[in-house]
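# Per-entry structural report
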Amino acid sequence: MAENGTDCDQRRTGMIKEQHNGNFTDSSLLGERKRRDREERLNIVLWRQPIVTLQYFFLETLINLKEWTIKLWHRRSILVAFLLMLAVLTATYYVEGRHQQYVRYMEKKFFWCAYWVGLGILSSVGLGTGLHTFLLYLGPHIASVTLAAYECNSVNFPEPPYPDQIICPDEEATDGSISLWAIISKVRLEACMWGAGTAIGELPPYFMARAARLSGAEPDDEEYQEFEEMLEHAETAQDFASRAKLAVQNLVQKVGFFGILACASIPNPLFDLAGITCGHFLVPFWTFFGATLIGKAVIKMHIQKLFVIITFSKHIVEQMVSLIGAIPSIGPSLQKPFQEYLEAQRIKLHHKSDSGVPQCSKGKGKYGT
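Keep in mind that this is a model prediction, so the values were computed, not measured. Residues take numbers from 1 onward in each chain, read along the sequence in its written order. Only residues with pLDDT of 70 or above have their local features reported here, since the model is predicted, and side-chain atom pairs are shown and tallied only from 80 upward, although totals for entire chains, interfaces and linings are computed over all residues. Each side-chain value is derived from all of the structure's non-hydrogen atoms; neither hydrogens nor water enter the calculation.

### A few points about the overall build of the chain
The line we're drawing: The secondary structure listing takes helices from DSSP runs of H or I that are at least 4 residues long and strands from runs of E that are at least 2 residues long, numbered from the N terminus. Relative accessible area decides the class of each residue, using a 1.4 Å probe on protein chains only: under 20% of the type maximum gives buried, over 50% gives exposed, and in between gives partly exposed. Any two residues having at least one pair of non-hydrogen atoms within 4.5 Å are treated as being in contact. All accessibility values rest on the Shrake-Rupley procedure with a 1.4 Å probe; residue burial counts only the protein chains present in the view.
For the chain, the helix and strand inventory stands at 15 helices and zero strands. Put simply, the chain has 369 residues, and 31% of those count as buried. Nonlocal contacts in the chain, meaning residues at least 24 apart in sequence, comprise 65% of its contacts between residues at least 6 apart. A total accessible area of about 24200 Å² is found for the chain, and carbon and sulfur atoms account for 64% of it.

Right, dumping it as structure tokens:
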């Protein structure tokens, strides 16, 4: 009996030691295992392992189709209502009648909004090129409308050709009748749609970090790995960039909705970190997206609009041209191209045919672009 009890105690002690040693072994092997798994996943590409890659592709496709079918079956009433609404809209679009003028108007507005939403998404995603569509598309469009509004003393540009081309309206307007608010209202739709697109483009980091936290897997993403390293070395961070990232992470984590709103309402290159932080700490979707949408599509967008409109207002542009001419020796030669460009744009704004109907140039182009 005593010997049996002693043997049991020895076995139990040995198992505890093995488990204790195993914890150290598992912790040391965990990083190595993750590294090997990551390398194996990187090797599963079509040009290296085509059969394995296609096999995983078809299996993943079947799994996703099964999951979507189950979800649609559980929500079949919503699916039927959506299909009926789609059928009604299709019939409305193709059946001739007096309603077609409204259909064409809504179609034009829909594609106009989709155009700017798509540019906003491209600006956030970047597609690996750092593409910023505000500087390339929206900023020049707002500047064009601003210059044209001060030249025409009106924002009631004839449609068509607006927005493909800006031409002054026929009615005479008194000098100084244009206001800052009128220009803001003229470009509000496209600016807000662009801002909404940038908010949609911030969703991939959020979903990636949220899925990684829920599954326990480590995604092959440099930004997420940098975020985890930052959390591990939070106390020893010394450089300005690391402290700025930690400040954004602490603001979003502790303040919540209003912290996300504050980060989204100002030009912030670190906002991707806010999306990863919200996903990692399982912030509810509508809390993250609602604050991001309000911040980017409403607050930040109006700040950027005001900056561009004030910068390209008539008196500011004239002062800038006169300051260029004041540069010693090279000023007049630099000033001349700007004056010729502005004069050409004024002529284009007032370009009309003999019958008084505004002429549309072939192709698409915007004033000032």
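### Structural notes on unusual backbone geometry
The general pattern is negative phi for most residues beyond glycine and trans for most peptide bonds. Of note, N153 is a non-glycine position whose phi angle comes to about 55 degrees, a positive value. Checked against the element boundaries, N153 lands in the loop between α5 (133-152) and α6 (180-186).

### A look at the UniProt feature "transmembrane region" (unreviewed entry) in the chain
For clarity, the cut-off: UniProt positions are given in the numbering used here, feature names are shortened, and annotations may be inferred rather than shown by experiment.
The UniProt feature table records "transmembrane region" (unreviewed entry) at residues 46-65, 77-95, 115-138 and 273-295. Summarising residues 77-95: 95% helix, 0% strand, and an end-to-end C-alpha distance of 27 Å. As annotated, residues 273-295 has a helix share of 83% and a strand share of 0%, and its two end C-alpha atoms lie 16 Å apart.

### A look at the pattern of salt bridges
The criterion, for reference: Any Lys or Arg side-chain nitrogen found within 4 Å of a carboxyl oxygen on Asp or Glu counts as a salt bridge.
As enumerated under the stated definition, the model contains two salt bridges in all. A salt bridge links R104 to E107, with the shortest nitrogen-to-oxygen separation between them at 3.3 Å. Placement of the pair is R104 and E107 together in helix α4 (residues 100-125), with a separation of three residues, close to one helical turn. Judged by relative accessible area, which is 40%, R104 ranks as partly exposed. Close ionic contact of K296 with E202 constitutes a salt bridge, the shortest N to O distance being 3.8 Å. Highlighted residues: K296 in helix α13 (residues 285-311) and E202 in the loop between α7 (188-201) and α8 (203-215), separated in sequence by 94 residues. By the burial criterion, K296 is buried, and E202 matches it.

### Some points on the packing of α4 against α7
How we decide: Orientation is described by lines fitted to C-alpha atoms, with helices fitted over the stretch in contact, and by angles between N-to-C directions that extend from 0 to 180 degrees. Geometric relationships in this document are graded by angle, where less than 35 degrees denotes roughly parallel, more than 145 denotes roughly antiparallel, 65 to 115 denotes roughly perpendicular, and other angles denote oblique. In this scheme the handedness of a crossing depends on how the near helix is turned from the far one: anticlockwise by less than a right angle means left-handed, clockwise means right-handed. Classification used: nonpolar for Ala, Val, Leu, Ile, Met, Phe, Trp, Tyr, Cys and Pro, charged for Asp, Glu, Lys and Arg, polar for all others including Gly.
Remark: α4 packs on α7, axes separated minimally by 6 Å, with the N-to-C direction vectors making an angle of 45 degrees. Overall, the two elements α4 and α7 adopt an arrangement that is oblique. Considering the relative orientation of α4 and α7, their crossing is right-handed. On α7, the residues that touch K109, W112, C113, W116, V117, L119, G120, I121, S123, S124 and V125 of α4 are L189, E190, M193, W194, G197, T198, I200 and G201. When grouped by side-chain class, the residues that make up the contact of α4 with α7 number 11 nonpolar, six polar and two charged.

### A few points about the packing of aromatic side chains
Quick reminder of the rule: Stacked, tilted and edge-to-face are the three classes applied to pairs of Phe, Tyr and Trp rings, where Trp contributes its six-membered ring and a pair requires centres within 6.5 Å; stacked means planes under 30 degrees apart, edge-to-face means over 60, and tilted covers the rest.
Counted under the stated rule, the structure contains 15 aromatic pairs. Seen in terms of ring centroids, Y206 and F285 are 6.3 Å apart; in terms of plane orientation they differ by 55 degrees. Their pairing is tilted. Pair noted here: Y206 is in helix α8 and F285 is in helix α13, with a separation of 79 residues, a long-range link. Among the residues examined, F285 registers a relative accessible area of 24% and is labelled partly exposed. Relative to F288, the ring of Y206 has its centre 4.7 Å away and its plane inclined at 5 degrees; by these criteria the two rings are stacked. One end of the pair, Y206, is in helix α8; the other, F288, is in helix α13, and 82 residues separate them in sequence. Per residue, the accessibility class of Y206 equals that of F288, and both read buried. What links up through ring pairs into an aromatic cluster is the set Y206, F207, F285, W286, F288 and F289.

### Here's the deal with a nonpolar patch on the surface
Just so we agree on the cut-off: Patches here are clusters of residues that have more than 30% relative accessible area and form no salt bridge, with a 9 Å joining cutoff for like charges and a 5 Å cutoff for nonpolar side chains (Val, Leu, Ile, Met, Phe, Trp, Tyr).
Taken together, the side chains of L251, V255, F257, F258, I294, V298, I299 and I303 present a nonpolar region at the surface, about 660 Å² in accessible area. Structurally, the position occupied by F258 is in helix α11 (residues 257-264).

### Quick look at the packing of α11 against α13
Where α11 contacts α13, the axes come no closer than 8 Å and their chain directions differ by 35 degrees. Taken as a pair, α11 and α13 cross one another with a handedness that is right-handed. On the side of α11, the interface is formed by F257, I260, L261 and A264, while α13 contributes T287, F288, G290, A291, T292, I294, G295, K296, I299 and K300. Split by residue class, the contact of α11 with α13 holds eight nonpolar, four polar and two charged.

### Overview of the environment of F338
When you line up the elements, F338 lands in helix α15 (residues 331-349). Residues contacting F338, with those up to four places away along its chain left out, are V321 and I324.

### Re the side chain of T53
The condition is simple: Here a polar contact means two N or O atoms within 3.5 Å. Within protein one must be a hydrogen donor candidate and the other an acceptor candidate, and residues neighboring in sequence count only if both atoms are side-chain atoms.
Secondary-structure assignment places T53 in helix α2 (residues 50-74). A distance of 2.6 Å separates a polar side-chain atom of T53 from the backbone oxygen of Q49. Leave out the neighbours within four places in its chain, and T53 touches I44, V45 and L46.

### Things to note about the confidence of the model for the chain
As a reminder, the rule being used: What pLDDT reports is the predictor's confidence in each residue, on a scale of 0 through 100.
For the chain, the average pLDDT comes to 75, and 72% of its residues sit at 70 or higher. Mean pLDDT across the elements of the chain ranges from a minimum in helix α9 (residues 222-232), with 57, to a maximum in helix α3 (residues 76-94), with 92. For the stretch residues 1-5, pLDDT sits under 50, and the model shows zero contacts to residues farther than four places along the chain or on other chains. Low confidence marks residues 353-369, where pLDDT is under 50. Its contacts with residues over four positions away, or in another chain, come to 33 contacts.

### A few points about α4
To be explicit about the condition: For a helix, the expected span equals 1.5 Å multiplied by the residue count minus one.
The end-to-end C-alpha distance of α4 is 37 Å, a good match for the 38 Å that 26 residues give at a rise of 1.5 Å each. Listing the buried residues of α4 in full gives Q100, V103, W112, C113, W116, V117, L119, G120, S123 and S124. Where α4 is buried, its residues meet α3, α5 and α7.

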